[in-house]
Amino acid sequence: MTAAIFANATGIGGAIAVFRMSGSDIARIMRALTGGMPAPRRASLRRLRDGSGATIDHGLVLWFPGPASVTGEDYAECHLHGGRAVAAALTKALIALGARPAEPGEFSRRAFGNGKLDLLQAEGIADLIAAETESQRRLALDQADGAMSASIAAWRNELIGLMARQAALIDFADEDLPPEVERAMLRDVACLHHDITNAIAGGRAAERIREGIEIVVLGAPNAGKSTLVNALAGEDVAIVSEIAGTTRDVIGVRLDLGGVPVRLVDTAGVRLARDEIEAEGVRRAEAAAARADIVLLCAASPDFAAPSVPDNRRVLHVATKADLGGAIPAGSLPVSARTGAGLPALIAAVTGEVAALVARGAGPSLPRPRQITCLRDMAAALERAIGVAEPELRAADFQEAANALARLTGVIGVEDVLDQVFSSFCIGK
């Protein structure tokens, strides 16, 4: 038997409050609340009463007998008015009837335990709840809908087949099987390894969608960086002054750029520092540029001098204060944040760079570091299997690959991973 749990899934203070309930004792609790069981899977208008018979509220109730429910257990919902007093009264009544408040993510954890969703789908649900932009929503929805799980199930079937063929080669080692049998198997191992490495490569783009693209604005003091950041953000994020060196620290603002989350970062002017505080600001600016996905390298009219950036960064050269005149350097985008000239072209160029960074292939895209680690472990085991000559060692490598794939979907016990995943959910999920 599983304990009866409940949660207010919609919070307090809205027009409607939805209470979710799950567990083996929910049928008894629903009878006590409503005076009788509603028809399964049909919304019914009922008067809800507490233990003394006093009315709590009138509302809609739904009843889903397990295992054909979202959690795989007996499950019910009460849709009531969203006032604090109503929620408090129903909470008190449920506790008196033996239910307890759910832990964060406990509904989804029970659904996972009862085979209603795998770990990838559960993580997709968590990302869908947290999604702020359209690209994040689409990525999370794909995962929650099981699109990635389907691809991984195909990999699992291929791996099981390889393990079976390898076992046959070991069992019939004395039968002088033709070498083409082993060569064909190794070709299939190489194909599976190729699919996994492609998924790992696509995971970086998916991770950028989930976590956001970091764009750092870099340049010498008084190069118009803060003015440009404010213009792109559409608000006064950074202090703007004619005094060089106004910005001493790293200042960031989150934007939605073409449906992709972006963190736009203003930095201190890069020059030979005049004091300890400015030196720290320059150090932070250079560190931000070194880890950025895109650097907007600003140089102001008339000389358009700019600091250097790491060679492996995507750089857009921006000629700021272009309204003041001066010859625009080749390859630079002329911009005047004061007049707005050149801003649409700069935004279009940045959007194009962002789109290139988050472009995904046709295969599954796994955005979380935990997921990518599982795939890397699987790829490493398959690579070892291709290079080893001893059949028994190759079989052991196949088993390691299978274990890594099982960790990805949560098939094998990884309690610490499960606790971390589900604890990040909200209470009613």
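Residues numbered from 1 in each chain as written. Predicted model: local features only at pLDDT ≥ 70, side-chain atom pairs only at ≥ 80, totals over all residues. Heavy atoms only, no water.

## A closer look at the sheet that holds strand 5 (residues 75-81)
Reasoning step 1: Spatially, 3-4-5-2-1-6 is the arrangement adopted by the six strands of the open sheet, whose pairing is mixed. With partners counted over all chains shown, the strands left at the sheet margins are strand 3 (44-49) and strand 6 (100-101), one partner each.
Reasoning step 2: Looking at chain direction, strand 1 (residues 5-8) and strand 2 (residues 16-22) are connected through four bridges and run antiparallel. Note that in strand 2 the partner of isoleucine 5 across the bridge is serine 22.
Reasoning step 3: Here helix 1 (residues 26-34) sits on the sheet and contacts strand 1, strand 2, strand 3, strand 4 (55-64) and strand 5; the angle it forms with strand 3, its principal contact strand, is near 80°. (Pairing = 2+ DSSP bridges. Helix = DSSP H or I, 4+ residues; strand = E, 2+ residues; numbered from the N terminus. Contact = heavy atoms within 4.5 Å. Axes fitted to C-alpha atoms, helices over the stretch in contact; angles between N-to-C directions.)

## With respect to the packing of aromatic side chains
Reasoning step 1: Enumeration over the complete set of coordinates arrives at one aromatic pair.
Reasoning step 2: Aromatic side chains phenylalanine 64 and tyrosine 75 sit 5.9 Å apart centroid to centroid with 50° between the ring planes, which places their arrangement in the tilted category. Of this pair, phenylalanine 64 sits in strand 4 while tyrosine 75 sits in strand 5, and the two are 11 residues apart along the sequence.
Reasoning step 3: Classification of phenylalanine 64 as partly exposed rests on a relative accessible area of 21%. (Phe/Tyr/Trp six-rings, centres within 6.5 Å; stacked < 30°, edge-to-face > 60°. Buried < 20%, exposed > 50% of the residue type's maximum accessible area, 1.4 Å probe, protein only.)

## A short note on the nonpolar core
Reasoning step 1: Grouped together as the largest cluster of nonpolar side chains are 55 residues, with contacts concentrated most on Ile196, Ile213, Ile215, Val354, Met378 and Leu382.
Reasoning step 2: In this structure, isoleucine 196 is in contact with Trp155, Leu375, Met378, Ala379 and Leu382, ignoring residues within four places of it in sequence.
Reasoning step 3: Judged by nonpolar contacts, the second largest core, of 24 residues, contains Ala17, Met30, Cys78 and Leu94. (Core = buried A, V, L, I, M, F, W, Y, C linked by side-chain atoms within 4.5 Å.)

## Re the sheet that holds strand 12 (residues 333-334)
Reasoning step 1: Spatial ordering of the open sheet is given by 8-9-7-10-11-12, a layout of six strands whose pairing is mixed. Each edge of the open sheet is held by one strand with a lone partner, namely strand 8 (251-257) and strand 12.
Reasoning step 2: In terms of strand pairing, strand 11 (residues 314-320) meets strand 12 through two bridges, oriented parallel. In the sheet register, alanine 319 faces strand 12, and the bridge partner there is proline 334.
Reasoning step 3: Along the sheet, helix 10 (residues 343-357) contacts strand 7 (213-219), strand 8, strand 9 (260-266), strand 10 (294-300), strand 11 and strand 12; its crossing angle with strand 11, the most-contacted strand, is approximately 175°.

## Notes on the pairing of strand 5
Reasoning step 1: Counting buried residues along strand 5, five of its seven residues qualify, which places the element largely inside the surrounding structure.
Reasoning step 2: As defined by bridge partners, strand 2 adjoins strand 5 across seven bridges and the pair is classed as antiparallel. Considered in strand 5, the bridge of isoleucine 16 is made with histidine 81.
Reasoning step 3: Both strand 4 and strand 5 contribute to a ladder of five bridges, which runs antiparallel. Residue pairing for strand 5: leucine 60 is matched across the bridge by histidine 79.

## Focus on the pattern of salt bridges
Reasoning step 1: Here the structure, examined in full by the defined rule, presents 25 salt bridges.
Reasoning step 2: Of the charged contacts, one joins arginine 208 and aspartate 293 as a salt bridge, the two residues approaching to 3.1 Å between their closest N and O atoms. Taken together, the residues span a long stretch of sequence, with arginine 208 in helix 7 (residues 179-211) and aspartate 293 in the loop between helix 9 (276-291) and strand 10 at a distance of 85 residues. Here the two residues arginine 208 and aspartate 293 agree in accessibility, since each one is buried.
Reasoning step 3: The salt bridge involving glutamate 400 is made with arginine 384; its shortest N-O contact spans 2.7 Å. You can see glutamate 400 sitting in helix 12 (residues 391-409) and its partner arginine 384 sitting in helix 11 (residues 369-387), a full 16 residues away along the chain.
Reasoning step 4: On the basis of relative accessible area, glutamate 400 is assigned to the partly exposed category, the value being 42%.
Reasoning step 5: One salt-bridge network, held together by shared partners, links Glu123, Asp127, Arg210, Glu211, Arg368 and Arg370. (Salt bridge = Lys/Arg side-chain N within 4 Å of Asp/Glu carboxyl O.)

## Observations concerning the environment of glutamate 280
Reasoning step 1: Its place among the elements puts glutamate 280 in helix 9.
Reasoning step 2: Among the residues examined, glutamate 280 registers a relative accessible area of 29% and is labelled partly exposed.
Reasoning step 3: Along the backbone, glutamate 280 and alanine 268 are 12 residues apart, and their C-alpha atoms lie at a distance of 9.2 Å.

## Description of helix 4 (residues 119-130)
For an α-helix, the turn length of 3.6 residues means that residues three or four places apart are oriented alike.
Reasoning step 1: Under the 1.5 Å per step criterion, the end-to-end length of helix 4 is 17 Å for 12 residues, consistent within 8% with the ideal 16 Å.
Reasoning step 2: Judged by how many residues are buried, helix 4 sits mostly within the fold: nine of 12 residues are covered.
Reasoning step 3: Every buried residue of helix 4 is accounted for by Leu119, Leu120, Gln121, Ala122, Glu123, Gly124, Ile125, Ala126 and Asp127.
Reasoning step 4: If you check the start of helix 4, you find a side-chain oxygen 3.1 Å away from the backbone N of leucine 120, and it comes from aspartate 118. (Expected span 1.5 Å × (residues − 1). Polar contact = N/O pair within 3.5 Å; in protein donor to acceptor, adjacent residues only side chain to side chain.)

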